[in-house]
Amino acid sequence: TTMDPHSSAQDVHRCDLCETAIVHSYCDFCHVNLCKPCVVDHISGGYEKHKIVPFQDRRSTLIYPKCETHSHKSCKFQCEDCNNIYVCSSCIASEQHVRHKFVEITEVYKTKKEVIKKDTEDLENHLFPTYEEIALHLENQLADLDGGYEKLTNTMSKQGEQWHREIDIVINKMKTEISEIKVKHIDILKKHLDEIKQIQSLMKQTLLALKEIEKSTEVAHSIEYSSKIQEFSKLPPKVQVSQPTFIPKPIDREKLHSLFGQITPLATATEENDLSLNQPTISVRELLDEPELVATIQTEYKKLRSVTCLNDGMLWTNGMTNDIKCFIAGSLLQTMKAKSGERPSDIAVDGDGDLLYSDRKTGTVNKVNNGQTEEPIRLQGWEPGKLCVTSTCDLLVTMYSDDKTQSKVVRYSGSTEKQTIQFDDEGNPLYSVNAKIKFIKDNRNHDICVADWAAGAVAVVNHDGKLRWRYTGHPSVSKNKPFKPFGITTDSQSRILTADENNHCIHIVDQNGQFLRYIDNCDLKNPSGLCMDNDDNFFVCEFYRGNVKKIKYLK
């Protein structure tokens, strides 16, 4: 390797002129290392301009700017009344600067040096690493792009395959129906044909008898003959059986496209960051003065508990039966049943669009992938309750022990248990110890929010499971029944919305538990399950009415 000629292996500083002798002095004006012999050569012919100092005191001499008016002098002051121009002692004494205010350059220099030092530290320790992190994140996004779009295409293909199967089922059912109609058609015609053939047989017998009488000369046979022509002349009713026809309905491509699904547009969210304060500035969406009812979806459930959604316009719902219904644009798309026959405790949709549901009967959390049911999570000694797929694609599950004496929240990554949240720092239970409803939702700031119905409180812990606060309702003259939170969800502003079934309203609180307002004007009746898509579309279940209401509450 090539060594720096100014240094030895022990990194001893050498003279910049001769490049061999050990450094002794330093020229603070020219910024060069000098040995004793080379000092004389360096300052010869221009002693005034050089500033020789011991090497250990290098860069300690301030080099002041030359005065533009008095070229032989240096400026050690700035005139505040003349836009902070540099001035020398002669300038200060001149008529031009009479009664002006001056500031020493050394003071300004020290202040600026502190700023420069701080800026250097910020660039090296904070800003540059942050930009590196952003660049790495973008590179990772680009690397994962093909896989994400392939997954999107595969999901759509799976939907297409399912549609093909459903259409084949419909066609086969109609073919069976046609076969059954054909059998009935044949039976009707055969029955009528048998009646005609019976009459034909009687007519043949009568004709033979007539011919015998005609040949006979016995008087009695002819006189006793009774004509049957009138009887045979009464023709049987003519049976007209029309063959069924198939009336194809015209294919409405737009409606077909809507029913099949929709591709959400490319959403670009720009989050401005003030890196000097290290605080994100989020585009604020304020609350509407008066929330608006946008749509009502009738699910036909007698008791509706849960609703969940992604951003594809599909809503999954579940009530007090083992039916799980999927709606799109307000129309029922499909119905599936829990594998065990038991009603699910809750439902959720993961990042791939696959349905998840918890089943107390089997102690499992099930995943429905392309019509096939898997059991990625099976509990021992615990029964699963409510579900939440987090923004980081983990799964949060509330659960209680078989003897109903313990309650906890468990975080899963796939089938692997990552975290258990059960007690506070003093060892007290965070949640009421029973089998009562505890809906759960993560927040934008990674807090975990549990609506603990039996405790009459919303309990919020941070990502590490440490209790941050509890919300126990807001004093109100009109909302005078006990606060029993049911469903819970969060929006893009980290606000928390929880259903107050007893008082027929929704409470909105901020991420620190401060009450903001009610939603109580959309004819809500017994609100239960809640969900929010990524565009802040808010959906509310009405327990006894069986409706899902879409409500706009943000500007």
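These numbers come from a predicted model, not from an experiment.

Engineer: Which residues make up the overall build of the chain, and what values go with them?
Structural biologist: When helices and strands are counted, the chain shows 6 helices and 32 strands. What you see for the chain is a C-alpha radius of gyration of 45 Å, clearly larger than the 24 Å of a compact globule of 555 residues, by over 25%. Evaluated residue by residue, the chain yields a buried proportion of 35% over its 555 residues. For the chain, the share of sequence-separated contacts (at least 6 apart) that also reach a separation of at least 24 residues comes to 44%. Accessible area for the chain stands at about 35400 Å²; split by element, carbon and sulfur atoms hold 52% of it. Computed over 70 positive and 80 negative side-chain charges, the inter-centroid distance for the chain is 7 Å.

Engineer: Account for the nonpolar core, naming residues and giving values.
Structural biologist: Judged by nonpolar contacts, the single largest core of 28 residues is most densely connected at Leu 497, Ile 506, Ile 519, Phe 538 and Tyr 553. Ignoring sequence-local partners within four residues, the contact set of Leu 497 consists of Gly 487, Ile 488, Thr 489, Asp 491, Ile 506, His 507, Ile 508, Ile 519, Leu 530, Met 532, Phe 538 and Tyr 553.

Engineer: Help me get a handle on a nonpolar patch on the surface, residues and values and all.
Structural biologist: A surface patch of nonpolar side chains, amounting to about 420 Å² of accessible area, comprises Leu 142, Leu 145, Tyr 149 and Leu 152. Assignment of secondary structure puts Tyr 149 in helix H3 (residues 105-215).

Engineer: A description of the pattern of salt bridges should follow, citing residues and the corresponding values.
Structural biologist: Applying the stated criterion across every chain, the model contains 19 salt bridges. Between Asp 536 and Arg 285 there is a salt bridge, with the nearest N and O atoms lying 3.4 Å from each other. Taken together, the residues span a long stretch of sequence, with Asp 536 in the loop between strand S30 (527-532) and strand S31 (538-542) and Arg 285 in the loop between strand S8 (279-281) and strand S9 (287-298) at a distance of 251 residues. We classify Arg 285 as partly exposed; its relative accessible area is 28%. One salt bridge connects Lys 479 with Asp 520, and the closest N-O pair in it is separated by 2.8 Å.

Engineer: If you had to explain H3 to someone new, which residues and values would you point to?
Structural biologist: Its 111 residues give H3 an end-to-end C-alpha distance of 157 Å, which sits within 8% of 165 Å, the value for a rise of 1.5 Å per residue. If you look at H3, its biggest bend is around 45 degrees, right at Leu 123. Here H3 has its buried residues at Ile 105, Thr 106, Thr 130, Gln 159, Gly 160, His 185, His 192 and Thr 206.

Engineer: Can you lay out the sheet that holds S31 for me, pointing to particular residues and giving the numbers?
Structural biologist: Judged by pairing direction, the sheet is antiparallel, and its 4 strands sit side by side in the order S9-S32-S31-S30 without closing on themselves. At either end of the open sheet lies a strand with only one pairing partner, and these are S9 and S30. On average, each strand axis in the sheet is inclined to that of its neighbour by 25 degrees, with strand direction left out of account. Judged from the 5 bridges that link them, S31 and strand S32 (residues 547-554) form a sheet pairing that is antiparallel. Directly across from Phe 539, in S32, lies its bridge partner Lys 550.

Engineer: Can you explain empty space enclosed by the protein? Please cite residues and give values.
Structural biologist: Counted under the stated rule, the structure contains 1 cavity of 30 Å³ or more. Taken as a whole, the largest cavity holds about 60 Å³ of empty space. Around the largest cavity, the lining residues are Thr 390, Ser 391, Thr 392, Arg 411, Asp 442, His 446, Asp 447, Ile 448 and His 463.

Engineer: Hey, could you go over the packing of aromatic side chains for me, with residue numbers and the actual values?
Structural biologist: Counted according to the given criterion, the structure contains 7 aromatic pairs. When the ring of Tyr 471 is compared with that of Phe 483, the centres are 5.5 Å apart and the planes differ by 80 degrees; the resulting orientation is edge-to-face. Taken as a pair, Tyr 471 in strand S25 (residues 467-471) and Phe 483 in the loop between S25 and strand S26 (485-490) lie far apart in primary sequence, 12 residues in all. Here Tyr 471 and Phe 483 have matching classes, each one buried. Ring geometry for Phe 543 versus Tyr 544: centroids 4.7 Å apart, planes at 90 degrees, classification edge-to-face.

Engineer: Can you tell me about the environment of Ala 499, naming the residues and giving the values?
Structural biologist: Note on placement: Ala 499 falls in strand S27 (residues 496-500). In this structure, the C-alpha to C-alpha distance between Ala 499 and Tyr 518, residues 19 residues apart in sequence, is 9.9 Å. Dropping the residues within four chain positions of it, Ala 499 is found in contact with Lys 484, Pro 485, Phe 486, Gly 487, Cys 505, Ile 506, Pro 527, Ser 528 and Leu 530.

Engineer: Can you break down the pairing of strand S24 (residues 457-461) residue by residue, with the values?
Structural biologist: Of all 5 residues that make up S24, 5 are buried, and the element is covered over most of its length. Burial of the side chains of S24 extends over both faces: Ala 457, Ala 459 and Val 461 are buried on one face and Val 458 and Val 460 on the other. Of the strand pairs in this sheet, strand S23 (residues 448-452) and S24 are connected by 5 bridges, and their pairing is antiparallel. Residue pairing in the sheet places Val 450 in a bridge with Ala 459 of S24. Counting the residues in the hairpin turn of S24 and S25 gives 5 residues, including Gly 465, whose phi is positive at 90 degrees.

Criteria and cut-off values
- Residues numbered from 1 in each chain as written.
- Predicted model: local features only at pLDDT ≥ 70, side-chain atom pairs only at ≥ 80, totals over all residues.
- Heavy atoms only, no water.
- Helix = DSSP H or I, 4+ residues; strand = E, 2+ residues; numbered from the N terminus.
- Rg over C-alpha atoms; globule rule 2.2 N^0.38 Å.
- Buried < 20%, exposed > 50% of the residue type's maximum accessible area, 1.4 Å probe, protein only.
- Contact = heavy atoms within 4.5 Å.
- Areas by Shrake-Rupley, 256 points an atom, 1.4 Å probe, with all protein chains shown as cover.
- Lys, Arg positive; Asp, Glu negative; His and termini not counted.
- Charge placed at Lys NZ, Arg CZ, Asp CG, Glu CD.
- Core = buried A, V, L, I, M, F, W, Y, C linked by side-chain atoms within 4.5 Å.
- Patch = residues over 30% accessible without salt bridge, like charges linked within 9 Å, V, L, I, M, F, W, Y side chains within 5 Å.
- Salt bridge = Lys/Arg side-chain N within 4 Å of Asp/Glu carboxyl O.
- Expected span 1.5 Å × (residues − 1).
- Bend = angle between axes of the 7 residues up to and from the residue.
- Pairing = 2+ DSSP bridges.
- Axes fitted to C-alpha atoms, helices over the stretch in contact; angles between N-to-C directions.
- 1 Å grid on protein atoms, 1.4 Å probe; cavity = no way out; pocket = protein on both sides within 12 Å on 5 of 7 lines; lining within 4 Å.
- Points joined across faces, edges and corners; volume = space filled by probe spheres on them.
- Phe/Tyr/Trp six-rings, centres within 6.5 Å; stacked < 30°, edge-to-face > 60°.

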